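# Structural description and commentary
As a plain string of letters, each chain reads:
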There are 2 protein chains.
Amino acid sequence: MKIYVVGLGPGGKEDMTLRAVHAIESADVVTGYDYYIELIRDMIGGKEVFSSAMKKEAERCKKALEYALSGKMVAMVSSGDAGIYGMAGLMYEVCAAHPEVKIEVIPGVTAACSGAAVVGAPLSHDFAVISLSDLLTPWEVIEKRIKAASDADFSICIYNPSSKKRSDYLNRACGYMLEYKSSDTPCAYAENIGREGEVYTICTLGELADVQTNMFTTVFIGNSQSRIINGRLVTPRGYKNI
Amino acid sequence: MKIYVVGLGPGGKEDMTLRAVHAIESADVVTGYDYYIELIRDMIGGKEVFSSAMKKEAERCKKALEYALSGKMVAMVSSGDAGIYGMAGLMYEVCAAHPEVKIEVIPGVTAACSGAAVVGAPLSHDFAVISLSDLLTPWEVIEKRIKAASDADFSICIYNPSSKKRSDYLNRACGYMLEYKSSDTPCAYAENIGREGEVYTICTLGELADVQTNMFTTVFIGNSQSRIINGRLVTPRGYKNI
């Protein structure tokens, strides 16, 4: 009895690992958020599919467990990496009472990595990854993390920077960062990474505060050493002999 | 004129993305640290190869630039993701005076993701990635980052936890974390991720302080919500209805 929790990477098949492709091929049932299922529809073929909407995550994991207990090989897919704000943790929680069900997490390219590759090399040194979604996390915790990461001069990658209901969250986050980081700190954001309409923008932290993003945007804030080289955001590792 | 900076993922071809495979196939010249070249030797075939030892990173990037300027398609390979403590940033720096050379970073699965998948799901919520190597970074900066990340209750992923010359670094880092995190904070470390001899160990932060690691070890420290489920380190995202 086995459940694969598969990270698809940013979007297209080109950005999937071979291990992820093979896991989906070997599964009897494929499950995931509707949108991700559509991304890999041509790989699924005639397999059984159980998809559902956002906010139905726990329900989907329970259904995956049911399928596994009935003897079917299940592949649960997420975009990016299944372990980074993905379904892997929740699947372990849901299967806690069933140690006989083997969970295999198949890692993928998370948006911190795929987005960084689009905008340059912003995460070449120590970095923090922070989600601005307060659906499951108190805002005070998010605020403390943003301030701590800024004070310690981490490069910062922000997931879920805003949505329709949270249109001012990135602005508020930039306010916290500006208490510790210079307003001319180089930043970048990438939209629709690895998908149609992929685009990136370079700006300063001062400018970022007024940018409107959406749930398909990943945001990068440099550290004190970051700079723009030929239109890309680059954080040096510190090599001297260049 | 183009240079691909390619992340190979943890090791074997199964963990590479199709895009990375295709970039190496389309290159005229493949360059990288000796050890990584050996990992993909069967994919290189009869192509020209320029490999060199550790600490020759800038030299390798300059050579890659020379090849590109001579009209050859170059693939520079790193393990993991090329943008996370990888060669992407350095390549942008080396090519700063040559905007006509197009750099395409091809992201891969970094050790934070591949290691997390081995030990469970430790990075399912906000996390910080910190290297303990002080070759290019003052130790005081590393110390400040570890303390800030611990105080703000990030899960932490540590790269380069120690080496022969730096055998007590992980012990010192644990000392800083223990100022803010409980000694029974669940932790894990993975060795030889995606390669022969892959193994992981679960322990507490108190125990981690006395663990001897090497340059092929990636270490994970949970946040205050992390726990052990069926022998894996899991950080919940906070779903209530499980």
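Just so it is clear, the model here is predicted, and its values are computed rather than measured.

### Some points on the packing of aromatic side chains
The full count for this structure, using the stated rule, is 14 aromatic pairs over all chains. Taken together, a centroid distance of 5.7 Å and an interplanar angle of 40 degrees make the contact between tyrosine 35 of chain B and phenylalanine 216 of chain B tilted. Here phenylalanine 216 of chain B lies in the loop between helix H9 (205-208) and strand S11 (217-221) and tyrosine 35 of chain B lies in helix H2 (residues 34-39), a separation of 181 residues in the sequence. Tyrosine 35 of chain B gets classed as partly exposed once you look at its relative accessible area, which sits at 33%. In this structure phenylalanine 216 of chain B comes out as partly exposed when scored by relative accessible area, which is 32%. With 6.2 Å between their ring centres and 45 degrees between their planes, tryptophan 139 of chain B and tyrosine 176 of chain B make a pair best called tilted. You can see tryptophan 139 of chain B sitting in helix H7 (residues 139-151) and its partner tyrosine 176 of chain B sitting in helix H8 (residues 169-178), a full 37 residues away along the chain. Feature note: the residues Tyr33, Tyr35, Tyr36 and Phe216 of chain A constitute an aromatic cluster, connected by ring pairs. Positioned over the ring face of phenylalanine 50 of chain A is lysine 63 of chain A, at 5.2 Å from the centre of the ring.

### So, the nonpolar core
Ranked by internal contacts, the top residues of the largest apolar core, which has 54 residues, are Leu208 of chain A together with Leu208 of chain B. Here leucine 208 of chain A is in contact with Leu170, Cys174, Cys187, Tyr189, Cys203, Val219 and Ile221 of chain A, once residues within four sequence places are set aside. By size, the runner-up hydrophobic cluster in this structure holds 38 residues, among which are Tyr85 and Val109 of chain A together with Ala116 and Phe127 of chain B.

### Regarding the sheet that holds strand S1 (residues 2-7) of chain B
All names here are of chain B. Across the sheet, 5 strands lie side by side as S3-S2-S4-S1-S5; this open sheet has parallel pairing. In the strand order of this sheet, the two ends are held by strand S3 (48-52) and strand S5 (102-106), each with one partner. On average, each strand axis in the sheet is inclined to that of its neighbour by 20 degrees, with strand direction left out of account. Of the pairings in the sheet, the one linking strand S2 (residues 29-33) to S3 comprises 5 bridges and is parallel in character. Residue pairing in the sheet places threonine 31 in a bridge with phenylalanine 50 of S3.

### Overview of helix H7 (residues 139-151) of chain A
Helix length check: H7 of chain A, at 13 residues, gives a terminal C-alpha distance of 18 Å against a target of 18 Å (1.5 Å per residue), a fit within 8%. For H7 of chain A, the set of buried residues is Trp139, Ile142, Arg145, Ile146, Lys147, Ala148, Ala149 and Ser150 of chain A. Among the structural elements, strand S7 (127-131), strand S8 (155-159) and helix H8 (169-178) of chain A together with H7 of chain B are those in contact with the buried residues of H7 of chain A. Directly beyond the C-terminal end of H7 of chain A, a positive phi value near 60 degrees is found at aspartate 153 of chain A.

### Notes on the packing of H7 of chain A against H8 of chain A
Residues and elements named next belong to chain A. Two numbers describe how H7 lies on H8: the axes approach to 8 Å, and their chain directions differ by 40 degrees. As summarised for this structure, H7 and H8 are arranged oblique, according to the angle between their axes. Between H7 and H8 lies a crossing of right-handed hand. Residue-level inspection shows Trp139, Glu143, Ile146, Lys147 and Ser150 of H7 in contact with H8, the latter providing Tyr169, Arg172, Ala173, Tyr176 and Met177. Among the residues making up the contact of H7 with H8, the classes are represented as 6 nonpolar, 1 polar and 3 charged.

### Details of the pattern of salt bridges
Applying the stated criterion across every chain, the model contains 22 salt bridges over all chains. A salt bridge links lysine 2 of chain B to glutamate 104 of chain B; the nearest nitrogen and oxygen atoms lie 2.7 Å apart. Here glutamate 104 of chain B lies in strand S5 and lysine 2 of chain B lies in strand S1, a separation of 102 residues in the sequence. In the salt-bridge network here, residues are joined through shared partners; they are Asp126 and Asp153 of chain A together with Arg145 of chain B.

### Description of the relation of the copies chain A and chain B
Mapping chain A onto chain B is achieved by rotating through 180 degrees and translating by 0.0 Å along the same axis, at an RMSD of 0.0 Å. Given the turn and translation reported, the copies of this chain are related as if by a two-fold rotation axis. Looking at the interface residues of chain A, 100% of them are also at the interface in chain B, so both copies use one shared face.

Definitions and limits used
Residues numbered from 1 in each chain as written. Chains lettered and ligands numbered in written order. Predicted model: local features only at pLDDT ≥ 70, side-chain atom pairs only at ≥ 80, totals over all residues. Heavy atoms only, no water. Phe/Tyr/Trp six-rings, centres within 6.5 Å; stacked < 30°, edge-to-face > 60°. Helix = DSSP H or I, 4+ residues; strand = E, 2+ residues; numbered from the N terminus. Buried < 20%, exposed > 50% of the residue type's maximum accessible area, 1.4 Å probe, protein only. Lys NZ or Arg CZ within 6 Å of the ring centre and 35° of its normal. Core = buried A, V, L, I, M, F, W, Y, C linked by side-chain atoms within 4.5 Å. Contact = heavy atoms within 4.5 Å. Pairing = 2+ DSSP bridges. Axes fitted to C-alpha atoms, helices over the stretch in contact; angles between N-to-C directions. Expected span 1.5 Å × (residues − 1). Parallel < 35°, antiparallel > 145°, perpendicular 65-115°, else oblique. Left-handed = near helix turned anticlockwise from the far one by under 90°. Nonpolar A, V, L, I, M, F, W, Y, C, P; charged D, E, K, R; others polar. Salt bridge = Lys/Arg side-chain N within 4 Å of Asp/Glu carboxyl O. Least-squares fit on C-alpha atoms with pLDDT ≥ 70 in both.

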